[in-house]
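Structural features, examined
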Amino acid sequence: MATPRALIFSGFGLNCEYETQLAFELAGGQADIVHLNTLIANPSVLQRYQIAVFPGGFSYGDDVGSGKAYGRRVARHLRETLDAFIARDTLVLGICNGFQILTNTGLLPGALTANDSARYVCRWVDVAVNSASPWLAGLSQLPLPIAHGEGKYYDTAENLAALEAHGQLALTYTAGEMSRHFSLPANPNGSLQNIAGVTSIDGRVLGMMPHPERGMLFTQLPHWTTLRQEYRDKKMALPKYAAGLQIFRNAIKAF
């Protein structure tokens with residue numbers, strides 16, 4: 001069986017390409033970083049892949065709003081190509097700025113607006129999994145880092161009710177180890193219904209504000225040195241990986 005392949009979008013301020021590429025490689029897949037202009041010039045490139053990812057960053061400097069300029073370019077030049085890609089029973093992921101891009105292309109519902117604090121927030125959170133998405137198989141709750149200024153998920157009450165009814169509210173902020181460890185509120189940005197990630201109705205397109213590629217190694221955990229001593233006291237070997245890697249493993253396993 002051929003190794004599953006992921007295409008990672010790049011260009012114009014996206015800056016988490018290499019971490020995301022490493023995550024897929026650690027998960028047993030192959031990942032290529034491809035500039036947006038390359039795909040606009042030759043959309044058929046996407047046919048070589050089973051997975052497409054919009055990684056985090058600050059596309060176009062967030063000058064007209066997070067993910068808006070990049071999302072509109074994608075919508076104008078690649079929307080039909082992406083629709084055909086998704087129709088092939090593939091997987092799509094948008095992380096942080098990538099999530100914002102997906103909402104701006106119309107591939108996912110809702111919008112990401114300014115945090116209630118009106119400040120950029122960089123910390124760890126706990127998220128609960130409420131979805132049967134292939135991306136989230138076998139996961140119930142996991143700690144992940146966030147880093148955003150416009151992460152508050154918003155939609156109308158009617159649309160939120162529909163998303164909940166269809167199981168599309170994939171990830172929600174919840175009180176857990178991270179919020180207790182740092183004595184911080186579980187919801188970091190004021191997202192309606194504590195929403196941290198949503199999916200398409202079939203679960204194959206996932207957008208999420210937390211960064212799983214920054215929470216895939218044990219030593220990325222903010223309190224790993226404390227945990228290290230606990231493992232030593234119990235004479236247990238230190239884990240190499242953390243929960244974030246499972247999201248990428250799930251995508252590879254799906255193919």
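Check the entry above for the structure.
Described below are features of the structure shown in this document. Every chain is numbered independently, its residues counted from 1 as its sequence is written. Local features are withheld for residues below a pLDDT of 70 in this predicted model, meaning they are given only at 70 or higher, and side-chain atom pairs are given and counted only at 80 or more; totals for whole chains, interfaces and linings count all residues. Values reported for side chains reflect all heavy atoms of the structure, with hydrogen atoms and water molecules removed beforehand.

1. Details of the state of the cysteines
Disulfide: a covalent bond connecting the sulfur atoms of a pair of cysteines. Throughout, disulfides are identified as pairs of cysteine sulfur atoms within 2.5 Å of each other. Counted according to the given criterion, the structure contains zero disulfides. Not part of a disulfide, Cys16 finds its nearest cysteine sulfur in Cys96, a span of 7.4 Å. We call a residue buried when its accessible area falls under 20% of the maximum for its residue type, exposed when it is over 50%, and partly exposed in between, using a 1.4 Å probe and counting protein chains only. Overall, the relative accessible area of 5% leaves Cys96 in the buried class.

2. Overview of the side chain of Asp62
Its location among the elements puts Asp62 in the loop between strand 3 (51–54) and helix 3 (68–86). Counted as positive: Lys and Arg. Counted as negative: Asp and Glu, with His and the chain ends omitted from the count. For this analysis, a salt bridge means a side-chain nitrogen from Lys or Arg found within 4 Å of a carboxyl oxygen belonging to Asp or Glu. Look at Asp62: it is buried, it has no salt bridge, and the nearest opposite charge is Lys68 at 10 Å. Excluding residues that lie within four positions of it along the chain, Asp62 makes contacts with Gly67 and Asn97. Elements are defined by DSSP. Helices are runs of H or I of four residues or more, strands are runs of E of two residues or more, and each kind is numbered from the N terminus. Contact between two residues is taken to exist if any of their heavy atoms lie within 4.5 Å; hydrogens are not considered.

3. Remarks on the pairing of strand 4 (residues 91–95)
Side chains on a regular strand alternate between the two faces of the sheet. Buried residues dominate strand 4, accounting for five of its five residues. Neither face of strand 4 is open: one carries Leu91, Leu93 and Ile95, the other Val92 and Gly94, and all of them are buried. As judged from the four bridges shared by strand 3 and strand 4, these two strands associate in the parallel manner. Residue pairing across strands places Val53 opposite Leu93, the latter belonging to strand 4. Clockwise travel from the first strand over the helix to the second, with the strands pointing away from the viewer, marks a crossover as right-handed. At this point the chain moves from strand 3, through helix 3, to the parallel strand 4, and the crossover so formed is right-handed. For two strands to count as paired, DSSP must find a minimum of two bridges between them.

4. A short note on the packing of aromatic side chains
Two rings from Phe, Tyr or Trp (for Trp, the six-membered ring) form a pair when their centres are within 6.5 Å of each other. A pair whose planes differ by under 30 degrees is stacked, one over 60 is edge-to-face, and the rest are tilted. Counting across every chain of the model gives eight aromatic pairs. Measuring from ring centre to ring centre gives 6.4 Å for Tyr60 and Tyr70, while their planes differ by 65°; the resulting arrangement is edge-to-face. Of the two residues, Tyr60 sits in the loop between strand 3 and helix 3 while Tyr70 sits in helix 3, which places them ten residues apart along the sequence. For Tyr70, a relative accessible area of 0% corresponds to the buried category. Summarising the aromatic geometry, the rings of Phe218 and Trp224 are spaced 6.4 Å apart at their centres and angled 75° between planes, so their arrangement reads as edge-to-face. The exposure class of Trp224 is partly exposed, given its relative accessible area of 23%. Among the aromatic residues, those joined into a cluster by ring pairs are Phe12, Tyr60 and Tyr70. We call a charge positioned above a ring when the Lys NZ or Arg CZ atom is no farther than 6 Å from the ring centre and deviates by at most 35 degrees from the ring normal. Seen from the ring of Tyr49, Arg5 lies directly overhead, with NZ or CZ sitting 4.6 Å from the centre.

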